[in-house]
Amino acid sequence: MKIIVAIKQVPERDARIRIDSSGKWIALDDIEFRMNESDAYALEEALLLREAHGGEVIVLSAGPERVGQTIREALAKGADRGIHILSDSLASYDALGVARLMAAAIRDEAADLILTGLQSDDLGLGQTGVILAELLAIPHSSLILKIEKTDTGIRVLRELEDGWFQQIEMPTPALLTIQSGNTRLRYATLMGIKKAKTKELRSVEAASLGVDAVPSVTLDSVALPSRQKSTQMLTGSPAEAAAKLVEKLQQEVRVL
Amino acid sequence: MSTVLVFLEAKSDEPTRLSLEALAAGVRLAAETGSQLAAAMVGAASASGFAMLGGAAQIYAISHPLLARYTADGFTAAYAQLIAKLQPDFVLFPHSYEVRDFVPRLATRLTRVLLSDVIGFEVASGQVTADKVTFTRQLFQGKLNGHYRAASPAPVLASVQAGAFRADSPSATTATVETFTPELDAATIRTQPGEPFRAAAQTVDLGSAPLIVSVGRGIKDEANIAIVKELADALGAELAASRPICDAGWLPMERQVGSSGQTVAPKMYLAVGISGAIQHLVGMKASQCVIAINKDENAPIFEIADYGIVGDLFEVVPALTAAVRKAKG
Ligand SMILES: Cc1cc2nc3c(=O)[nH]c(=O)nc-3n(C[C@H](O)[C@H](O)[C@H](O)COP(=O)(O)OP(=O)(O)OC[C@H]3O[C@@H](n4cnc5c(N)ncnc54)[C@H](O)[C@@H]3O)c2cc1C
């Protein structure tokens, strides 16, 4: 099976959110980056499938130079090669634009399966994978927890609302967006990290892919959310705050 | 006259609550942009659920045997045909798992991008064109809001987050329900969905627990769950968790609160080291009193909390357990 995994580099989960001077995004100067959480699970599913059925795992990522580190991390975990769509201005593309770049970069690979995470931890659009499937004219399914190979294609386990699930049979090539949490993620071994340095990582300039950057939606500005509810903050040392809360639990919430 | 079209989802022929919230958003958007409102739902026109779509000038029952069970291919084709017929300026959806699954594909077919999971919108006064409406959606799991605008001509597509709009109590509708039969070909439906099923029977019913202490990823390690368990025991509360804790196997899945777990509404919900992502909030927002302990004063959980303690849970939780024990004598 030839599997492409699309991964995104995002600010680290506990990163401090400060709005930058443009008012359109957060300040990135002292921020650490990491692989988007659900993408890491997509990579894990791809590696498990290759271990079971053979084939190749190719990681694909778009963004500036620094994204190369995240691709190397995926190579260190066991992916075979990487494709980096280089762009310093990815934010000028909307989700359709980014998916078009990705489609242009991988169309000739003719992969059997394309996996993405179900949504990014920064923009949270939850769309890029599904859009990519439409652009490549292949079927897709989202919120996938498990993938099994069958004689005619694949059988996947999809998460539904409120603790319900569903099996779906589909032919390949197909695109799946993967939900976090269903497997344990592997760590890169020292050997893997060493090997990753010699693996193929092809860079393609976004501008060379012939994709129109004119977006159909734009992010005009960002703002810190305003509180809807007036929260009573209980301050002081841990013991003082705890004592204040107990008082509230006794007198106002009346549960003690 | 411009049109706002709202697609609703039905469960057992009745529109879902989330769909009625999307309809409420549509009613407001239509009023503020001077548009007429149309509503559509998959089902037979005779189904009683259509009577709940009050406020809509036109109601469409999208009806076809191939839509009996949801598939992305079938729904994309059917919705695209109704959009082509009505040429709406705005198309709204409930941000459900189904909508997440196929509407990005539908939008791509229209060379548009869905504004997904929006929590509000603002219409520039006196302006009614589609690009004059600013839609707000959450970034960084609720830590930041983004204001978006359409840069292309109508239609603008947006899906509405659960709880962002209050569903109006259904007013009796005077509109007649028109059947819309899309042209669908079984050969173009590439996926074969199975019957939905539930995981193993649940033995804990968090839904009826009066007091809940819930733990999140701030707890860092399985061994540390014990300190939260002690607090729950001291309070006589049930222990619950956010999804990552159950995914890691630190607590069983049946203790998970949120959109893919249980929905609870206790008298007191105490969230320890939980950031407050929307998928968690939808499962506990109806709690009578929400208390949050988090080291990040900007954590979204504080936006819905009645009481908050900003601090390190490893210091606050043991102090609270001691204080509760002391109070109980
Ligand atoms: C389709 C879908 C369905 C989902 N369903 C669910 C669901 O049903 N339930 C659910 O919960 N999630 C669900 N999620 C996941 C959800 O989006 C969040 O990722 C998840 O709720 C985050 O869990 P958390 O708050 O425990 O972790 P994080 O978001 O990592 O938050 C940890 C918090 O702990 C705080 N913290 C860290 N250290 C300390 C310390 N020492 N003291 C005090 N505070 C500390 C941090 O400041 C942070 O706010 C779903 C996601 C998707 C996409």
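Residues numbered from 1 in each chain as written. Chains lettered and ligands numbered in written order. Predicted model: local features only at pLDDT ≥ 70, side-chain atom pairs only at ≥ 80, totals over all residues. Heavy atoms only, no water.

Some words on the overall build of chain A
Threshold: In this description a helix means any DSSP run of H or I spanning at least four residues, a strand means any run of E spanning at least two, and both kinds are numbered starting from the N terminus. Accessible area is worked out with a 1.4 Å probe on protein chains only. A residue is then buried under 20% of its type maximum, exposed over 50%, and partly exposed in between. Only heavy atoms matter for contacts: two residues are in contact if any of them lie within 4.5 Å across the pair. In this description, accessible areas are obtained by the Shrake-Rupley approach with a 1.4 Å probe, and a residue is regarded as covered only by the protein chains that are shown. Here the positive residues are Lys and Arg and the negative ones are Asp and Glu; neither His nor the chain ends is included. In plain terms, the charge of a residue is placed at NZ if it is Lys, CZ if Arg, CG if Asp and CD if Glu.
The helix and strand tally for chain A stands at 6 helices and 13 strands. By principal-axis analysis of the C-alpha atoms, chain A measures approximately 65 × 45 × 40 Å. The buried share among the 256 residues of chain A stands at 56%. Sequence-distant contacts in chain A: of pairs separated by 6 or more residues, those separated by 24 or more amount to 67%. Carbon together with sulfur atoms contributes 49% to the accessible area of chain A, which is approximately 11400 Å² in total. In chain A, which carries 30 positive and 36 negative side-chain charges, the distance between the mean positions of the two groups comes to 3 Å.

Considerations on the sheet that holds strand β6 (residues 90-94) of chain B
Rules: Between any two strands, pairing holds if DSSP finds at least two bridges. For every element, the axis is a line fit to its C-alpha atoms; helices are fit only across the contacting stretch, and the angle between N-to-C directions ranges from 0 to 180 degrees.
With mixed pairing, the 10 strands of this open sheet are ordered in space as β12(A)-β9(B)-β8(B)-β7(B)-β10(B)-β6(B)-β1(B)-β4(B)-β5(B)-β11(B). A strand with exactly one partner marks an edge of an open sheet, and here the two such strands are β12 (217-223) of chain A together with β11 (177-180) of chain B. Across this sheet, the average inter-strand angle for adjacent strands is 35°, counted without regard to direction. Note: strand β7 (residues 115-123) of chain B against strand β8 (residues 133-139) of chain B, 5 bridges, orientation antiparallel. Opposite B:E122, over in β8(B), you have B:T134 as the bridge partner.

Overview of the pairing of strand β16 (residues 268-272) of chain B
Residues and elements named next belong to chain B. Where burial is concerned, most of β16 is hidden: 5 out of the 5 residues are buried. The two faces of β16 match: M268, L270 and V272 on one face and Y269 and A271 on the other face are all buried. Relative to β16, strand β14 (residues 211-215) is paired through 5 bridges, and the arrangement is parallel. From the neighbouring strand, V213 faces β16, where its bridge partner is L270. Bridge count for β16 against strand β17 (residues 289-294) is 5 bridges, and the pairing is parallel. Paired with Y269 across the bridge in β17 is V290.

Re the domain arrangement of chain B
Residue and element names in this part refer to chain B. Condition: Where each domain begins and ends is defined by an automated method or by a domain database. Computed with a 1.4 Å rolling probe, the buried area is the accessible surface lost when two parts are put together, summed over both parts. Only one rule defines a salt bridge in this text: a Lys or Arg side-chain nitrogen within 4 Å of an Asp or Glu carboxyl oxygen. Here a polar contact is recorded for every N or O atom pair within 3.5 Å, except that within protein the pair must consist of a potential hydrogen donor and a potential acceptor, and residues adjacent in sequence are included only if both atoms are side-chain atoms. When residues are sorted by character, Ala, Val, Leu, Ile, Met, Phe, Trp, Tyr, Cys and Pro go into the nonpolar class, Asp, Glu, Lys and Arg into the charged class, and all the rest, Gly among them, into the polar class.
Split into domains, chain B comes out as domain 1 (3-188) and domain 2 (206-328). Taking only C-alpha atoms into account, the centre of domain 1 sits 35 Å from that of domain 2. Taken together, the contacts link 10 residues of domain 1 with 10 residues of domain 2. With both sides pooled, the region where domain 1 packs onto domain 2 buries about 650 Å², and carbon together with sulfur makes up 49% of that total. It is Y97, Q141 and K143 that lose the most area in domain 1 upon contact with domain 2, and together they represent 52% of the buried surface on that side. Across the contact surface, domain 1 and domain 2 share 0 salt bridges. Here domain 1 and domain 2 share 1 residue pair in polar contact (both at pLDDT 80 or more) between them. For the side of domain 1 that touches domain 2, a count of residues per class yields 2 nonpolar, 5 polar and 3 charged.

A short note on the packing of helix α6 (residues 238-251) of chain A against helix α7 (residues 313-328) of chain B
This is how it is decided: Note that the term roughly parallel is reserved for angles under 35 degrees, roughly antiparallel for angles over 145, roughly perpendicular for angles of 65 to 115, and oblique for everything else. Handedness of each helix crossing follows the sense of rotation of the near helix against the far helix: counterclockwise by less than a right angle gives left-handed, clockwise gives right-handed.
With their axes 8 Å apart at the nearest point, α6(A) and α7(B) run at an angle of 45° to one another. With respect to α7(B), the element α6(A) is oriented oblique. Once α6(A) is placed against α7(B), the crossing between them reads as right-handed. On α7(B), the residues touching A:P238, A:A239, A:A242, A:L245, A:V246 and A:Q250 of α6(A) are B:E315, B:V316, B:A319, B:L320, B:A323, B:V324 and B:A327.

A few points about the packing of helix α3 (residues 95-106) of chain A against helix α4 (residues 128-135) of chain A
Residue and element names in this part refer to chain A. It is the contact of α3 with α4, at a shortest axis distance of 9 Å, that shows an interaxial angle of 55°. Here α3 lies oblique to α4, going by the angle between them. Here α3 runs over α4; the crossing is right-handed. Counted together, A95, L96, V98, A99, R100, M102, A103 and I106 of α3 and T128, I131, L132 and L135 of α4 form the full contact between these two elements.

What about the site of the ligand?
Filter applied, for reference: Nearness is defined per residue: one heavy atom within 4 Å of the molecule or strand is enough.
The environment of the ligand is formed by 34 residues, the closest being B:S242, B:S260, B:S275, B:Q279 and B:N294. Around the ligand, the neighbouring residues derive from chains A and B rather than from a single chain. One of the backbone N or O atoms of B:S259 is found 3.1 Å from an oxygen atom in the ligand. In this structure, B:D312 approaches the ligand through a side-chain N or O atom, which is 3.0 Å from a nitrogen atom. Calculation on the ligand without its partners gives an accessible area of 980 Å², and the protein chains cover 93% of this total.

With respect to the interface of chain B and chain A
Taken together, the contacts link 78 residues of chain B with 87 residues of chain A. Between chain B and chain A, a total of about 7200 Å² is buried, with carbon and sulfur atoms accounting for 56% of that surface. Contact with chain A buries surface across chain B, with B:Y97, B:F140 and B:Y307 losing the most and accounting together for 10% of the total. Taken together, the connections running from chain B to chain A amount to 6 salt bridges. A salt bridge links B:R109 to A:E134; the shortest N-O distance between them is 2.8 Å.

Concerning the nonpolar core
The condition that has to hold: Among buried residues, the Ala, Val, Leu, Ile, Met, Phe, Trp, Tyr and Cys ones that are joined through side-chain atoms within 4.5 Å form a nonpolar core.
Residues A:L60, A:I85, A:I114, A:L132 and B:F135 are the most contacted members of the largest nonpolar core, which totals 75 residues. The biggest single contributor to this core is α3(A), with 9 residues. With sequence-adjacent residues up to four places away left out, A:L60 is seen in contact with A:I4, A:V5, A:A6, A:I7, A:I83, A:I85, A:M102, A:A105 and A:I106. Counting residues in each nonpolar core, the second largest holds 39 residues, with A:A241, B:L211, B:I291 and B:I309 among its members.

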